[in-house]
Each structure stands twice: as structure tokens, then as C-alpha cells.
Amino acid sequence: MEKRRVVITGLGTVNPLGNNVADSWAAARAGKCGIGPITQFDTTDFKCKLAGEVKDFDPATVVDKKEVRKMARFTLLALGAAAEAIADSGIDTEAEGKNIGVILSSGIGGLPTIEEQHARGEEKGMEKVSPYFVPMAIANMAAAQVAIRFGLKGMCTCPVTACAGGTNAVGDAFHRIRDGYEPVMVCGGAESCISPLGIGGFTSMKALSTATDPDAASLPFDARRGGFVMGEGSGVLVLEELEHAKARGAHIYAEVVGYGANCDAYHFTAPAPGGVGAIDCMKLTLADADIAPEQVDHINAHGTGTHMNDACETAAIHAVFGAHAKEMTVVSTKSMTGHLLGGAGGIEVLALDGKVGCVDELRALLCGLGTQSASVICAAVAHGTAGVGSTAALDGHFGVGKGAVHAVHRVGGIGGRLGGRFCRECRTTRSHQAEGRADRCIQADAAEQATGGDAQGLAGKADGLSGLRGGFEGAGCRLAPLHGKKLRLQVIRCVKVVHLHLVLKPPHLRSPPSAS
């Protein structure tokens, strides 16, 4: 049976950097960090003081005020992101809702609601908890409420695969469209568990950073790293069958071309030594996309900032890419947003695809590792804005419960602080040089080229990377600073193995999707 082609036509997000795609990308390019002191509860008796909280989000802009009290925060965040993605896609949900499905992940669901209602039950009796408690708390309610809000009557489900969930949701949605079940799917993930039990639980696992400086808390691959920073938010995409999208004149951000899954079957929270699960996942991804390792030059790693994750993911990158690893740029948006658990996959795919990645067209391939793993390979054409053309880019994720997800993107225009080469003078991508904006930057670049310098060198050889001295197990991989002058490179989550890979490549390197 011939496989249908699947494209991305809508993007939406609510996260610590911004409450929509445009604001989030602007904040990332400006080098802002969304991490700050926890405000959702009193942290006086907690070691962990920081998190990536969503700011100034008004749920009443998405649902009626009377409905807000019937929904947990993760569901409200998902509704905000879904509303933007659906509006961005231009799809007529009223006319086509019967054939549109929803797959939205959440790793923990309404954990704060569970805590609140348990406290109420302890005080007043368990039969006095809110009648909305159960439907607010269950993890699939974000998907359900999105379906209800927009009248989407296709398949509605929720992968609960910890940190890999968001990527698994995108991969599952891709399969649904490719195999002919629905022409359109709304997919991604959402999470909000910045609560006493959520923070306390991960702190007990020794997984969270206890740093007090927001700019030095989420430090993937840095010698100072000491755990991940909890984040919250949602990232949602609209996937659509290619001919369906073309028929209605939709704007196409990317094409998804493959998906798979595997497991390292090693431990319920720790990745296998040497990152063997991630190695297999990336190889599966590259093979499914028919892309050589040498065609990948950018990785948006899972990068949690935990010692075990960073070491294992770095080893996996070197095992798969060999000497070419030294030529790649490796970054992680978790340095700015924190770790969104089940919401991470959706947001981090957005970070490399579509508007956020400054890409007009992408070919994406999703592939999963282990019990909870996935990989995506994409090919892209430069949007023509800022950034340096790249052959392929990889996005990686790991999740508690033996899952791994990596995404490899080939983005011809990943700009700003998320990839490409950076001007030492103004700390932005160098495309502005061609536009004649800054002579001093051109001169600085010329001087750097003459001396063979690299604005993204490792181990303190480039600006803002001095903190790495000997601390980056992946010595040889070039790193891109994401905000301020702090290096932001993240690879694996300490909470298991879930990988997402996205590979992007230019048109002349593409192979048509297999018909088998």
C-alpha cells in the first residue's frame, strides 16, 4: 500500500519563554531565559527553588471562566497551544471536525490537582473532594478537552510515556494520517507539575538542580551541571495529509516522512551505559530517512543537565556520528524552558520546525526507541531569514520507563541562538552581514575566519563556554550558546530513555518516501 505523505501546517505553544510561537521565538533569539523562582507554592523548606513557569497566561482567553475551575492547569495550557496551532493551520474544524483526531501527551497529568484534592479530603472527608477531581486529574483530559473545544471527532488518545510522550504523540499522529485513518491530526504534549509533590519527588530522586541562579541552573554539558530544572507548558502541531493541505492552500512548514520505536530494556530511570538505546534509535532514524550521518550538522539534544544523561547521550552521539561529531552543533532549548516532561517533545519539535526554526519546508522522520522512544528526520529549505544552512538537525529526548526519542533536522535556516554560527560581536547569526547591517560584525567575522577561530568552540575556547573546562564529556562537539553567555547544550533526561530524532536536508539530497 502506498504511504500517504504528511506535512505540518500549524504550530502553537505556551511555555516559559512566551505564550505563543512568535513571542517564544523572539525571546529565544534575544537570549532570554524562562527559568526563575518558583511562585506556585512556598519553597522555604525545599532544596529546589527554581522552575520554568509559564507567565501571565490567562486561561479565560481560551475557555469560559466558569469552565476554568473544571480543568487542571496542564489542560488549560494545552488548550492555549492547540487554539494557536489550529488557527495557524487555517483548518475549518466546524466543517471537517468529524475527520480530525487528537493525540496529546502528558507524563503526569493533573498532579497539583491530586495534591489539592487529597488535602481537601484529609480535612473534610474523601467524599467531599471536588466532583471534577477525577476528570481534572487524568492525563488524557488535555486531549479530550481539545477535542471537545474544537469538535474533533477522530481518534482521541494520550501517550503516557514520561519525557518521550510528546514525541510519541507526534509519531502516532503521523502514522494515523500516513495509514489513511484521518487526514488531519492535532498532536503534541502538555505538562504542569510544579507542585510540592512534583518538585519533592524529583528532588528525592536527585534529578533536579538545586541552583539558585536562574542563569546557572539548567546547564547541559556544563561542568557545573547538577540536574534538570522543572518546566511547564505545551507544544501542539497540526499534521495534515499533503494533498489535503495543498487542496486548501495551507502553508506547509515541514513534511514528516517516517517513525519507529525501540527500548534499551535496561533500567526504569537510568539510560543504558554508553547510550546504546539512543545509538540504536538514531541509526534506525537515519536508515528510515535514508540519510547518512555526515548529512546531520545540528542536534537539539534531550540535554537535561544531569550527569548521567549528558554522559550517555554524548557517548551515543559520538558512536553514531564518529569523527563527524566534531563538526556538528549541539544545543538544547531546555536551558531556557526547563524540562517539560510530557510536554517537551511538542515544544522542542516546534523549536526546530516551522516558524521557530525559520524553516519554510521540512521533511521529518519520526522514530522511537524502546518502550518509549522516537526519532524524526527532516529535510528543509532555508526560510531566507537568519541562520546558516544545515544538512540535517537532530532533536533528542529520553523518558522514564525505558523510552528514548531523538529528532534530527536538516534546517537551512536555524537562526538566532538555537543553532548555526554566531557573530562574536553581536552574538547573533551572521546572515545580517549579507544585509549590510553591521560593519563591525563583518570585520570581527573576517578576523575570526583569518585566524581559523570558531564562535562555537568547546571547552572554553569560545565566548561564554569557559565553564565547560573539562566538564563536557562530548569534547569535540561544537556547542551553541542559547542565552546570555551561558552554554546551553542538553542531551538525555535522567528519567529514562526516550529519543526523538529530526533530520533535515536540502532538496537535492532527498529521497522520496518509500512506497512499501
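Predicted model, so just to flag it, every value in this text is computed and none were measured. (Residues numbered from 1 in each chain as written. Predicted model: local features only at pLDDT ≥ 70, side-chain atom pairs only at ≥ 80, totals over all residues. Heavy atoms only, no water.)

Caption draft 1: Quick peek at the packing of aromatic side chains. A complete count under the given rule lists two aromatic pairs for this structure. Seen from their ring centres, Phe 41 and Phe 46 are 5.0 Å apart, and the 65 degrees between their planes marks the pair as edge-to-face. Phe 46 sits in the partly exposed class, given a relative accessible area of 22%. Both rings, one in Phe 202 and one in Phe 228, keep their centres 5.4 Å apart while their planes meet at 75 degrees; by these two values the pair is edge-to-face. With Phe 202 in helix H9 (residues 196-204) and Phe 228 in the loop between H9 and strand S7 (233-241), this residue pair connects regions lying 26 residues apart in the sequence. Accessibility classification places Phe 202 together with Phe 228 in one group, the buried group. For the cation-ring pair, Arg 149 lies above Phe 150, with the distance from its terminal atom to the ring centre recorded as 4.8 Å. The residue whose ring lies beneath Arg 176 is Tyr 181, and the NZ or CZ to ring-centre distance is 4.3 Å. (Phe/Tyr/Trp six-rings, centres within 6.5 Å; stacked < 30°, edge-to-face > 60°. Buried < 20%, exposed > 50% of the residue type's maximum accessible area, 1.4 Å probe, protein only. Helix = DSSP H or I, 4+ residues; strand = E, 2+ residues; numbered from the N terminus. Lys NZ or Arg CZ within 6 Å of the ring centre and 35° of its normal.)

Caption draft 2: Local environment of the packing of helix H11 (residues 276-289) against helix H12 (residues 307-321). Their axes nearest at 9 Å, the elements H11 and H12 cross at an angle of 40 degrees. Accordingly, the angle class assigned to the pair H11 and H12 is oblique. For the crossing formed where H11 meets H12, the hand is right-handed. Only Ala 316, Ile 317, Ala 319, Val 320 and Phe 321 of H12 make contact with H11, whose side of the interface consists of Ala 278, Ile 279, Met 282, Lys 283 and Leu 286. Residues that form the contact of H11 with H12 fall into these classes: nine nonpolar, no polar and one charged. (Axes fitted to C-alpha atoms, helices over the stretch in contact; angles between N-to-C directions. Parallel < 35°, antiparallel > 145°, perpendicular 65-115°, else oblique. Left-handed = near helix turned anticlockwise from the far one by under 90°. Contact = heavy atoms within 4.5 Å. Nonpolar A, V, L, I, M, F, W, Y, C, P; charged D, E, K, R; others polar.)

Caption draft 3: Seen up close, the pairing of strand S4 (residues 100-105). Of all six residues that make up S4, six are buried, and the element is covered over most of its length. Burial along S4 is two-sided: the face carrying Ile 100, Val 102 and Leu 104 and the face carrying Gly 101, Ile 103 and Ser 105 are both buried. Relative to strand S6 (residues 184-191), S4 runs parallel, the two being bridged by six bridges. For Ile 103, the partnering residue across the bridge sits in S6 and is Cys 187. Pairing analysis gives two bridges linking S4 to strand S5 (residues 156-157), with the strands arranged parallel. The residue bridging Val 102 from the neighbouring strand is Cys 156, located in S5. (Pairing = 2+ DSSP bridges.)

Caption draft 4: Broad picture of H9. Of all the residues in H9, the buried ones are Gly 198, Ile 199, Phe 202 and Thr 203. Each buried residue of H9 lies within a common arc of 125 degrees when the element is viewed along its axis, so the set occupies one face. Projecting away from the buried face of H9 at angles above 90 degrees are the exposed residues Leu 197 and Ser 204. In this fold, the buried residues of H9 make contact with helix H5 (111-124). Following H9 by one or two positions, Lys 206 adopts a phi angle in the positive range, close to 65 degrees. (Arc of directions from axis to C-beta.)

Caption draft 5: Structural view of the pairing of S7. Buried residues dominate S7, accounting for nine of its nine residues. Because side chains alternate across S7, one face comprises the buried residues Gly 233, Gly 235, Leu 237, Leu 239 and Glu 241, and the other comprises Ser 234, Val 236, Val 238 and Glu 240, equally buried. Where strand S1 (residues 6-14) lies against S7, eight bridges are found, and the strand directions are antiparallel. Its bridge partner being in S7, Val 6 is matched across the sheet by Glu 241.

Caption draft 6: Looking closely at unusual backbone geometry. Positive phi, normally seen in glycine, also occurs at Lys 206, with a value near 65 degrees. Checked against the element boundaries, Lys 206 lands in the loop between H9 and S7. Residue classification places Lys 206 among the exposed residues on the basis of a relative accessible area of 65%.

Caption draft 7: Expanded view of the nonpolar core. Among the nonpolar cores identified, the biggest contains 32 residues, and Val 102, Val 146, Leu 152 and Val 186 are the most heavily contacted of them. Those elements that provide at least two residues to this core are helix H3 (73-89), S4, helix H7 (141-150), S6 and S7. Ranked by residues supplied to this core, first place goes to H3 with nine residues. Apart from the residues within four sequence positions on either side, Leu 152 is in contact with Ile 86, Thr 93, Gly 97, Ile 100, Val 102, Val 146, Ala 147 and Val 186. Val 6, Phe 174, Leu 237 and Val 349 belong to the second largest nonpolar core, which has 20 residues in total. (Core = buried A, V, L, I, M, F, W, Y, C linked by side-chain atoms within 4.5 Å.)

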